[in-house]
Amino acid sequence: MPLRTAPPKIASKLTALLTAVALAVAPASSALAQQAKGPPVIRDTEAEQLLREYTRPILRAAGLEKQNIQMVIINESVFNAFVADGRRIFVNYGALMQSETPNQIIGVLAHETGHLAGGHLSKLREHLAQAQTQMIIAMLLGAGALVAGARSGNPNSGLSNVGAAAVAAPGEMIRRNLLSYVRQQEENADRAGVKFLTATGQSARGMYETFKRFTNDSLFAARGADPYVQSHPMPAERVAALEELARSSPYWDKKDDPALQLRHDMVRAKISAFMERQDTVYRRYPLSNDTLPARYARAITTYLHGDLRSALAQIDGLIQLQPNNPYFYELRGQALLEGGKPVEAIAPLRKAVALSNNAPLIEMLLGQALVGANNKAYTEEAITILRAAVARETEAPLGYMQLAMAYGRKGDLAQADLASAQSAFLRGDNKTARELASRAKTRFAVGTPGWVKADDIVAAKPLPGQDSN
Ligand SMILES: [Zn+2]
């Protein structure tokens, strides 16, 4: 299911914290403020799998392999990567697009893992709370001085000005203190990141190359809109220290494995094809470019723009070159499904499921094709596959939506209502979720597993960042 967007369940804490950091670092941050509702998430098995493989050895080197840390791709074209809750690493698709080699993005992931391993977020949170307290005390002291100035009976006595200065000066001091604290954390994350890269036999050159682009005096930073630059003060001395550290590694000159580079380029081609305008896609991947990524990008954009016959011919050409690539069959199935041919989509999606070791997002697509085929013979199989998929991939509303349709076709209205309620809940539509779950409760016998699940939804608090309507 390439590059569908889903509503995030990550928003409020993350936004609050990022906004706080951004305010501390760059008081006039507007880019982050615009994200107040939380950016949508991109779901794609191929891209997520690649990012997991990039991150896994780093997390192991950091002693975090047991934490089950998730990779989340954000639907934003600007460069950004960050950790938010100690459980997830967020990467904008723009960071992938702007990383020409695996090593460049792996370096950024190693740096972010450095933040995770150092527990920087909770420390920063404490530090921010302290700063806030200091700020409030400073304001109270300042207000006291202002009151004293006013009481002196002469508003121009100078005392009121002392009051104003008392407010401004500690504020500036606290801001600087925070800024230097954030910089210290950044340097620590750099050092930890290089350590993890070296421990896993990888070069830190990509991290250095990426961060050098963000140096405070570079043209890139001058654009000012990139959230990564705002949350990552990148003074020249930090980048110089990073360069020295990175060059001292025995792996400095190590190049990416060509097979990994190809997968990286395939994911970038896919992202370009799904996210960018068609003329941009053809500019990046002109017909004269016969590489696999270019052919992939053109096949995708051809299907997205409605030429199913040509797209299928191009996809078949890709399958001939890599007959065991699950994502080519996934693409074939998706193109057929969205082209209104669910029955024909079933075979390639079965193949994609098998080749991908039952990737749940692809199973959901197969479930969708089986349900869409409108043939009762497929109903039980669809239910089995979709139930397995939603058990492992618990945050994708599409799986529950298809499950609801399959149960509906079977005439099992209780399960259909429950699955619809779960889908609505994951979409953040709590009102619909509660209504459907209440109806499901009346259809189940009291105390059965279905009734309990429905009852949970009726009683559930909204997910973070969602309104409680
Ligand atoms: Zn950082």
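Read on for an overview of the structure. Quick caveat: nothing in here was measured; it's all calculated off a predicted structure.

This next bit is on the overall build of the protein chain. Each helix and strand in the protein chain was counted, giving 23 helices and five strands. Across the 469 residues that make up the protein chain, the buried fraction comes to 51%. Put simply, the protein chain shows about 21600 Å² of open surface, and 55% of that area lies on carbon and sulfur atoms.

A word on the packing of aromatic side chains. A complete count under the given rule lists five aromatic pairs for this structure. Note on tyrosine 208 and tryptophan 252: the rings are 6.1 Å apart at their centroids and 45° apart in plane angle, and the pair reads as tilted. Separated by 44 residues along the polypeptide, tyrosine 208 in helix H8 (residues 205-213) and tryptophan 252 in the loop between helix H11 (236-247) and helix H12 (258-275) bring together distant segments of the chain. Given the relative accessible area of 9%, tyrosine 208 is considered buried.

A side chain of one charge can pair with a side chain of the opposite charge when the charged atoms of the two come close. Evaluation of the coordinates by the stated rule reveals 22 salt bridges. Among the ionic pairs, arginine 238 bridges to aspartate 190, the shortest N-O distance being 2.6 Å. Taken together, the residues span a long stretch of sequence, with arginine 238 in helix H11 and aspartate 190 in helix H7 (residues 159-199) at a distance of 48 residues. For the pair arginine 238 and aspartate 190, one class covers both residues: buried. Close ionic contact of arginine 277 with aspartate 279 constitutes a salt bridge, the shortest N to O distance being 2.9 Å. For arginine 277, a relative accessible area of 59% corresponds to the exposed category. Given a relative accessible area of 40%, aspartate 279 falls into the partly exposed group. Salt bridges linked by common partners bring Arg43, Glu48 and Glu393 together as one network.

Moving on to the nonpolar core. One finds Tyr296, Phe328, Met364, Leu366 and Leu403 to be the most contacted residues of the largest nonpolar core, which totals 57 residues. Per-element tally for this core: the top contributor is helix H18 (residues 360-372), with eight residues. Discounting chain neighbours no more than four positions away, the residues touching leucine 366 are Ile346, Leu349, Arg350, Val353 and Ile385. Residues Tyr54, Leu64, Ala110 and Ala246 belong to the second largest nonpolar core, which totals 46 residues.

Right, let's talk about the packing of helix H19 (residues 379-392) against helix H20 (residues 397-410) for a bit. Orientation of H19 relative to H20, taken along the N-to-C sense of each, is 150°, at an axis distance of 9 Å. In terms of axis orientation, H19 runs roughly antiparallel to H20. The way H19 lies across H20 gives a crossing that is left-handed. Taken together, the residues of H20 that come into contact with H19 (itself represented by Thr379, Glu380, Ala382, Ile383, Leu386, Arg387 and Val390) are Gly399, Tyr400, Gln402, Leu403, Ala406, Tyr407, Arg409 and Lys410. Partitioning the contact of H19 with H20 into residue classes produces eight nonpolar, three polar and four charged.

The buried fraction of strand S5 (residues 88-92) amounts to five of the five residues, a majority that puts the element mostly inside the structure. Of the two faces of S5, the one holding Arg88, Phe90 and Asn92 and the one holding Ile89 and Val91 are both buried throughout. With five bridges joining them, strand S3 (residues 70-74) and S5 adopt parallel strand pairing. Bridge pairing in S5 links isoleucine 74 to asparagine 92. Taking the residues that link successive antiparallel strands as the turn, the strand S4 (residues 81-83)-S5 hairpin has four residues, and the phi of glycine 86 there is positive, at about 75°.

Locating leucine 418 in the fold gives a position in helix H21 (residues 413-427). On the basis of relative accessibility, which here comes to 3%, the residue leucine 418 falls in the buried class. Along the sequence, leucine 418 and isoleucine 457 sit 39 residues apart, while their C-alpha atoms lie 9.1 Å from each other. With residues near it in sequence (within four places) discarded, leucine 418 still touches Ala440, Phe444, Gly450, Lys453, Ala454 and Ile457.

Take helix H3 (residues 45-61) next. With 17 residues, H3 should cover 24 Å at 1.5 Å per step; its first-to-last C-alpha distance of 24 Å lies within 8% of that length. Threonine 55 marks the point of greatest bend in H3, at about 30°, and the proline proline 57 comes within the next four residues. The opening residue of H3, the one whose side-chain oxygen lies 3.3 Å from the backbone nitrogen of glutamate 46, is aspartate 44. Phi turns positive, to about 75°, at glycine 63, one or two residues after H3.

Attention now moves to the side chain of glutamine 104. Position of glutamine 104 among the secondary structure elements: in helix H5 (residues 102-117). Excluding anything up to four places from it in sequence, glutamine 104 contacts Gln98, Ser99, Gly206, Met207, Glu209 and Thr210.

With that settled, the discussion passes to the side chain of serine 99. Of note, serine 99 is situated in the loop between helix H4 (93-97) and H5. Ignoring any residue separated from it by four or fewer positions in sequence, one finds serine 99 in contact with Phe79, Gln104, Ile105, His264 and Arg268.

The terminal C-alpha atoms of H12, which comprises 18 residues, lie 25 Å apart, in line with the 26 Å expected from a rise of 1.5 Å per residue. Taken together, the buried positions of H12 are occupied by Gln261, His264, Met266, Val267, Arg268, Ala269, Lys270, Ile271, Ser272, Ala273 and Phe274. Check the buried side of H12 and you find it contacts H3, H4, H5, helix H13 (278-284), helix H14 (292-304) and helix H16 (326-338). Residue aspartate 257 occupies the N-cap position of H12, its side-chain oxygen lying 3.0 Å from the main-chain nitrogen of alanine 259.

Attention shifts here to the environment of asparagine 289. Its place among the elements puts asparagine 289 in the loop between H13 and H14. Residue asparagine 289 is classed as partly exposed on the basis of its relative accessible area of 22%. Among all residues touching asparagine 289, those that are not within four sequence positions of it are Arg284, Ala294 and Arg298. Looking at asparagine 289, its side chain comes within polar contact range of the side chain of threonine 291, at 2.7 Å.

Parameters at a glance
- Residues numbered from 1 in each chain as written.
- Predicted model: local features only at pLDDT ≥ 70, side-chain atom pairs only at ≥ 80, totals over all residues.
- Heavy atoms only, no water.
- Helix = DSSP H or I, 4+ residues; strand = E, 2+ residues; numbered from the N terminus.
- Buried < 20%, exposed > 50% of the residue type's maximum accessible area, 1.4 Å probe, protein only.
- Areas by Shrake-Rupley, 256 points an atom, 1.4 Å probe, with all protein chains shown as cover.
- Phe/Tyr/Trp six-rings, centres within 6.5 Å; stacked < 30°, edge-to-face > 60°.
- Salt bridge = Lys/Arg side-chain N within 4 Å of Asp/Glu carboxyl O.
- Core = buried A, V, L, I, M, F, W, Y, C linked by side-chain atoms within 4.5 Å.
- Contact = heavy atoms within 4.5 Å.
- Axes fitted to C-alpha atoms, helices over the stretch in contact; angles between N-to-C directions.
- Parallel < 35°, antiparallel > 145°, perpendicular 65-115°, else oblique.
- Left-handed = near helix turned anticlockwise from the far one by under 90°.
- Nonpolar A, V, L, I, M, F, W, Y, C, P; charged D, E, K, R; others polar.
- Pairing = 2+ DSSP bridges.
- Expected span 1.5 Å × (residues − 1).
- Bend = angle between axes of the 7 residues up to and from the residue.
- Polar contact = N/O pair within 3.5 Å; in protein donor to acceptor, adjacent residues only side chain to side chain.

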